[in-house]
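Structural overview for review
Spelled out, the chains give:
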Amino acid sequence: MPDNQELSTEPPTWLRAVDIAIGALSLLAALIVVLNPSYGVNTIASLLAFSLLFNSVRMFITGGARQLQESFRGLGVAGGVVSVAILGFLIFSPGLGLTALLLVVAATMAVQGVTSLAHYLHRGHPRWLRTSSLTVGLFFLLLAAVAAFLPGLAVVSVVALLTLNLGVTGLVSLIAGIRPETKAEQTLVKLVIFALFYGFLNVNWIDLYYNEVPGYHIWLILTYMAPFGVLIVFQGLKDWQLALSLGLLVSLCNDVGYFFAGDLLFGFHVDLVTWLEGQLGLLGDKVLFDFQGGAFDFPVTSILMGLSIYARVAAVGALLYHWWKVQADRPG
């Protein structure tokens, strides 16, 4: 019994709040950098500094968490010290060239990868947290290897690597703060994460390059919904709210993340601020594109797109809330 208490990892409320705050700030920093079209060595240095700062705070917090074993607390402190040392080197060496900066990037992500993998070995963590730690650790080590062994990377590619790093760090921090415990909570988090990645990477890639077929937007809508139709097939209509809300979430990732994915991952160079204004309805009656519906096509104006986005955001929130209430009321 004492051993189980020693291995308890239930965090206090303040620690969960800090994790959520760090997660939100990490995602905001990634968004700010993506909106900045003037990529250069200074941009990389600034982005790396953000990443180091947020991860240093998280590692030091880990070192102070009494819920963890002493070895893991020591690892958190050590990781925080190394991150601060790299941050100090970065601040006091402003003239670093791209090659040297790449090595700093690789070292930073390697530290993050090792500390994440170590948490996978901690049997006091719940299984979902150990699995996510393993996945994130391997992901960071992969990014570190890419930065270290591909010195010919373009500046924009390094920015993409670091932005992904900040984005994943932010997402992990948010999940650690929310800390899903019941099976329904864990299922919802997994499905939402899948929907975000599916929409941002897969659907946007298709939409950026393969959008000239008859009735294209009908097929695109079916692509939004296709993965979640499996829920209906296996669970029946009782989970229709969840399936529909996740499909709408994918559509939002497409409509709001379209040129973010294009600029960050596929080498497009679009003025994202102006494009976002159009998507959010701030350009009034300006026609953004023609909806290709096969038998019916029509122009989509900025205000129409904006209203569509706001309506879908409200629908996702309402549907997920209703599904969640139904889950809570079900026996067992």
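Counting of residues starts from 1 at the beginning of each chain's written sequence and follows it residue by residue. Local features in this predicted model are restricted to residues whose pLDDT is 70 or higher, and side-chain atom pairs enter the listing and the counts only when it is 80 or higher, whereas totals over whole chains, interfaces and linings include all residues. Side-chain numbers come from the whole structure's heavy atoms, not from hydrogens or water.

**Digging into the overall build of the protein**
Counting from the N terminus, the helices are DSSP H or I runs at least four residues long and the strands are E runs at least two residues long. When helices and strands are tallied, the protein shows 12 helices and two strands. Ordered by position from N to C terminus, the α and β elements of the protein give α-α-α-α-α-α-α-α-α-α-α-β-β-α. Looking at the protein residue by residue over its 332 residues, the buried ones come to 43%. Across the protein, contacts joining residues at least 24 apart in sequence account for 69% of those joining residues at least 6 apart. Under the convention used here, a 1.4 Å probe and the Shrake-Rupley method define accessible areas, while residue burial counts only the protein chains that appear. Element-wise, carbon and sulfur atoms account for 70% of the exposed surface of the protein, whose accessible area totals about 16,900 Å². Partly exposed describes any residue whose relative accessible area lies between the buried limit of under 20% and the exposed limit of over 50%, with all areas from a 1.4 Å probe on protein chains only and scaled to the type maximum. Pairs of residues are marked as contacts when any of their non-hydrogen atoms sit within 4.5 Å.

**Topic: the environment of Val192**
Along the chain, the position of Val192 falls in helix H8 (residues 183–209). With a relative accessible area of 21%, Val192 lands in the partly exposed category. Taking C-alpha positions, Val192 is 6.8 Å from Leu246, a pair spaced 54 residues apart along the chain. For Val192, the contacting residues outside a window of four places in its chain are Leu246 and Leu249.

**So, the packing of helix H10 (residues 240–265) against helix H11 (residues 272–279)**
Each pair of packed helices gets described by two things: the angle between the helix axes and the distance between those axes. Interhelical geometry of H10 versus H11 gives an angle of 165° and a closest axis separation of 9 Å. Here H11 runs roughly antiparallel to H10, going by the angle between their axes. Crossing of H10 against H11: the hand is right-handed. Contacts between H10 and H11 pair Asp255, Val256, Gly257, Tyr258, Phe259, Phe260 and Asp263 from the former with Leu272, Trp275, Leu276 and Gln279 from the latter. Residue classes in the contact of H10 with H11 are distributed as seven nonpolar, two polar and two charged. As a rule, the C-alpha atoms of each element are fitted with a line to give its axis, helices using only the stretch in contact, and angles between N-to-C directions run from 0 to 180 degrees. Roughly parallel refers to an angle under 35 degrees, roughly antiparallel to one over 145, roughly perpendicular to one between 65 and 115, and oblique to any angle outside these ranges. It is the rotation of the near helix from the far one that decides the hand of a crossing: anticlockwise by less than a right angle makes it left-handed, clockwise makes it right-handed. Amino acids outside the nonpolar list (Ala, Val, Leu, Ile, Met, Phe, Trp, Tyr, Cys, Pro) and the charged list (Asp, Glu, Lys, Arg) are all regarded as polar, and Gly is one of them.

**Brief notes about the nonpolar core**
Put simply, a nonpolar core is a bunch of buried Ala, Val, Leu, Ile, Met, Phe, Trp, Tyr and Cys residues held in one set by side-chain atoms that sit within 4.5 Å of each other. Ranked by internal contacts, the top residues of the largest apolar core, which has 31 residues, are Ile44, Leu48, Val105, Ala147, Val158 and Leu162. Not counting residues within four places of it along the chain, the set of residues in contact with Val105 comprises Ile44, Leu48, Ala147, Val158 and Leu162. The next biggest cluster of nonpolar side chains, apart from the first, holds 25 residues, and it includes Leu191, Ala195, Leu249 and Val250.

**Things to note about the packing of aromatic side chains**
Between 30 and 60 degrees the pair is tilted, below 30 it is stacked and above 60 it is edge-to-face, where a pair is any two Phe, Tyr or Trp rings, Trp via its six-membered ring, whose centres lie within 6.5 Å. By the definition in use, this model includes 15 aromatic pairs. With a centroid separation of 6.2 Å and 50° between ring planes, the pair formed by Trp323 and Trp324 is classed as tilted. Residue classification places Trp324 among the partly exposed residues on the basis of a relative accessible area of 30%. Among the aromatic residues, ring-to-ring pairing joins Trp205, Tyr209, Tyr210, Tyr258, Phe259, Phe260, Phe266, Phe268 and Trp275 into one connected group.

**Let's talk about the pairing of strand S2 (residues 297–301)**
At least two DSSP bridges between two strands are needed for those strands to be called paired. Taken together, the five bridges between strand S1 (residues 287–292) and S2 define a ladder with antiparallel strand orientation. Pairing of Val287 across the sheet is with Thr301, part of S2. Connecting S1 to the antiparallel partner S2 that follows it, the hairpin turn spans four residues, and Gly294 within it adopts a positive phi of roughly 80°.

**Observations regarding helix H9 (residues 216–235)**
With 20 residues, H9 should cover 28 Å at 1.5 Å per step; its first-to-last C-alpha distance of 29 Å lies within 8% of that length. The term bend refers to the angle at a residue between two fitted axes, each drawn through seven residues, those ending there and those starting there. The largest bend in H9 amounts to roughly 45° and is located at Pro227. On its buried face, H9 is in contact with H8, H10 and S1. Positive backbone phi, approximately 80°, marks Gly236, located one or two places after H9. A helix is expected to span 1.5 Å for every residue after the first.

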